Amino acid sequence: MISLAGRDIMHSWGKFVFTAMGLGLLIGVTLSMAGIYRGMVDDAKVLLDNSGADLWVVQKDTLGPYAESSSIYDDIWREIRGMPGVKQTANITYLTMQVRKSKEERDVRVMVTGVTPGEAGTPGWPPYLVAGRQITRSHYEAVADIASGFKLGEHIQIRRNQYTVVGLTRRMVSSNGDPMVFIPLKDAQEAQFLKDNDAIREQRRRTAENPAFNQPGMPVLLDTVIASQSTNPYVNAILVRIETGHAPEEVAESIRRWKRLTVYTRDQMEEILVGKLIATSAKQIAMFLVILSIVSSVIVAFIIYTLTLGKIREIAVLKLIGTKNRTIIGLIVQQSIALGLIGFVVGKISATLLMAPIFPKYVLLEPLDSVLGFIAVIMICILSSIIAIRVALKVDPAEAIGG
């Protein structure tokens, strides 16, 4: 009994192998798309894990600092710190922006994070470093994720100020995959609302021309108003750690009731990041996966159909000697599965070694996705061989002798 796949490999190995490699690259793209989605979810979870918080206190009726704008006064943490069940609190600010190396023209998009003065372990601080040290000064020092490309000792420009990179961390990214740069809270508050010199002069001129602020005999009032316009008393959120033995939802409800603020637990914040921010991207990726699956099915069907047409005489011989239809069907399906196996191996290798490392966003290839992908490839190959099977079953045995 001959093997159609074996015959193609033996006599037309170049066409068969290169066809399988082309299919493999398509499968590799499909696996990479699934890995991109997994990476987006992992980025969101890593962001929450690295914050070290059990609760997020944000502006009332907002979704929090990761999803939309949130501003609360930076002195509220003292009131929350004294509430039952609260172990530790820390102010935090987040600002996604372009940061430039001082001596280069290249910009890097990062999430600038303002952290409360303290020590390693303070909520919001990077939990570990791969090089250098944590921030010890109240101004002009930064800790950067290595994905930003910044090096120890380099100077980076954030708004009008320069910061020295004193530490490097890893896998500290925003929900969009942007590397994080940590700076002191006061610097971050200034950077978030800092205006250029012309805008500052224009604001001061307008304030001085306002008779409500520039009253005769009260020069201190104008100075006080201008001084208040030059400071930022807001932060984006307060990170809260709760004491052992207290339920997060109970502490959160207490803060909501007495402080009139919105509070999210870890599960609720994860639902916002994954269920709302990533939802649209997930739908796009799912659509691409469906399209790629359809394209793969069409390609496999066309390839198997073409290969089957090239073996009409062999199939006619099999029918002439009395081979049953199910045997012929098995040979065609065997050929299709062999093509899928080679394609899957090529796709898995290309996705793991070629596509994932060079992709700009984090790609997480999970074993379960590979298993499901393998099953899907085999099913697609089997279904795609139906057209070729119909052609084979219609072959006249007389064609074996040139009839």
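Structure first, text after, so check above.
Residues numbered from 1 in each chain as written. Predicted model: local features only at pLDDT ≥ 70, side-chain atom pairs only at ≥ 80, totals over all residues. Heavy atoms only, no water.

1. Digging into the overall build of the chain
Now for step 1: Counting secondary structure elements, the chain contains 13 helices and 12 strands.
Now for step 2: C-alpha extents for the chain along the principal axes are approximately 115 × 50 × 45 Å.
Now for step 3: Here the chain holds 403 residues, and the buried ones make up 43% of them.
Now for step 4: A fraction of 75% describes how many contacts in the chain between residues 6 or more apart in sequence connect residues 24 or more apart. (Helix = DSSP H or I, 4+ residues; strand = E, 2+ residues; numbered from the N terminus. Buried < 20%, exposed > 50% of the residue type's maximum accessible area, 1.4 Å probe, protein only. Contact = heavy atoms within 4.5 Å.)

2. Points about the nonpolar core
Now for step 1: If you look at the biggest cluster of nonpolar residues, it comprises 33 residues, and the most contacted ones within it are Trp 56, Tyr 66, Met 180, Phe 182 and Met 269.
Now for step 2: Sequence-distant contacts of Tyr 66, that is, excluding residues within four places in its chain, are made with Leu 47, Leu 48, Ser 51, Trp 56, Tyr 94, Met 269, Leu 273 and Leu 277.
Now for step 3: Phe 16, Ile 315, Ala 351 and Ile 389 belong to the second largest nonpolar core, which has 25 residues in total. (Core = buried A, V, L, I, M, F, W, Y, C linked by side-chain atoms within 4.5 Å.)

3. What to know about the packing of helix H11 (residues 325–358) against helix H12 (residues 367–384)
Now for step 1: Running from amino to carboxyl end, H11 crosses H12 at an angle of 150 degrees, the nearest separation of the two axes being 8 Å. Overall, the two elements H11 and H12 adopt an arrangement that is roughly antiparallel. Crossing angle aside, the handedness with which H11 passes H12 is right-handed. When H11 is examined against H12, the residues Val 333, Ser 336, Ile 337, Gly 340, Leu 341, Phe 344 and Lys 348 are found in contact with a partner set consisting of Ser 370, Gly 373, Phe 374, Val 377, Ile 378, Cys 381 and Ile 382. (Axes fitted to C-alpha atoms, helices over the stretch in contact; angles between N-to-C directions. Parallel < 35°, antiparallel > 145°, perpendicular 65-115°, else oblique. Left-handed = near helix turned anticlockwise from the far one by under 90°.)

4. Section: the packing of aromatic side chains
Now for step 1: Enumeration over the complete set of coordinates arrives at four aromatic pairs.
Now for step 2: Sitting over the ring of Tyr 362, Arg 171 keeps its end group 4.0 Å from the ring centre. (Phe/Tyr/Trp six-rings, centres within 6.5 Å; stacked < 30°, edge-to-face > 60°. Lys NZ or Arg CZ within 6 Å of the ring centre and 35° of its normal.)

5. Considering the environment of Trp 77
Now for step 1: On the secondary structure map, Trp 77 appears in helix H3 (residues 76–81).
Now for step 2: Here the alpha-carbon distance between Trp 77 and Gln 334, two residues 257 residues apart in the chain, equals 67 Å.
Now for step 3: Only 3.3 Å separates the side chain of Trp 77 from the backbone oxygen of Asp 74, close enough to count as a polar contact. (Polar contact = N/O pair within 3.5 Å; in protein donor to acceptor, adjacent residues only side chain to side chain.)

6. Examining the pairing of strand E4 (residues 107–115)
Now for step 1: Counting buried positions along E4 yields seven of nine residues, so the element is predominantly enclosed.
Now for step 2: In this sheet, E4 lies alongside strand E3 (residues 86–101) in antiparallel orientation, the contact comprising nine bridges. Each bridged residue has a counterpart across the sheet, and for Ile 92 the counterpart in E4 is Val 115.
Now for step 3: In terms of strand pairing, E4 meets strand E9 (residues 180–184) through five bridges, oriented parallel. (Pairing = 2+ DSSP bridges.)

7. Considering the packing of H11 against helix H13 (residues 386–393)
Now for step 1: It is the contact of H11 with H13, at a shortest axis distance of 10 Å, that shows an interaxial angle of 140 degrees. Remark: the crossing between H11 and H13 carries right-handed chirality. Along the contact surface, H11 presents Asn 325, Ile 328, Ile 329, Ile 332 and Val 333, while H13 presents Ala 388, Ile 389, Ala 392 and Leu 393.
Now for step 2: Its residues assigned to classes, the contact of H11 with H13 shows eight nonpolar, one polar and no charged. (Nonpolar A, V, L, I, M, F, W, Y, C, P; charged D, E, K, R; others polar.)

8. Considering the pairing of strand E8 (residues 161–169)
Now for step 1: Buried residues dominate E8, accounting for seven of its nine residues.
Now for step 2: Looking at chain direction, strand E5 (residues 131–132) and E8 are connected through two bridges and run antiparallel. Note on E8: the bridge partner recorded for Ala 131 is Leu 168.
Now for step 3: Strand direction decides the pairing type here: strand E6 (residues 141–145) and E8, joined by five bridges, are parallel. Looking across to E8, one finds that Asp 145 is bridged to Thr 169.
Now for step 4: Note: strand E7 (residues 155–158) against E8, four bridges, orientation antiparallel. Residue pairing across strands places His 155 opposite Thr 164, the latter belonging to E8.
Now for step 5: A loop of two residues connects E7 with E8, the two strands running antiparallel in sequence, and Arg 159 in this loop sits at a positive phi of about 55 degrees.

9. A word on the pattern of salt bridges
Now for step 1: Considering all chains together, one arrives at 14 salt bridges under this definition.
Now for step 2: The partner of Glu 79 in a salt bridge is Lys 259, with the nearest N and O atoms 3.2 Å apart. Taken together, the positions of Glu 79 in helix H3 and Lys 259 in helix H7 (residues 248–259) put the pair 180 residues apart, joining distant regions of the chain.
Now for step 3: With relative accessibility at 43%, the residue Glu 79 sits in the partly exposed group.
Now for step 4: The salt bridge involving Lys 101 is made with Glu 154; its shortest N-O contact spans 3.6 Å. Residue Lys 101 is found in strand E3, and its partner Glu 154 is found in the loop between E6 and E7; the two are separated by 53 residues along the sequence. (Salt bridge = Lys/Arg side-chain N within 4 Å of Asp/Glu carboxyl O.)

Functional significance is not addressed by these values, which are geometric in nature.
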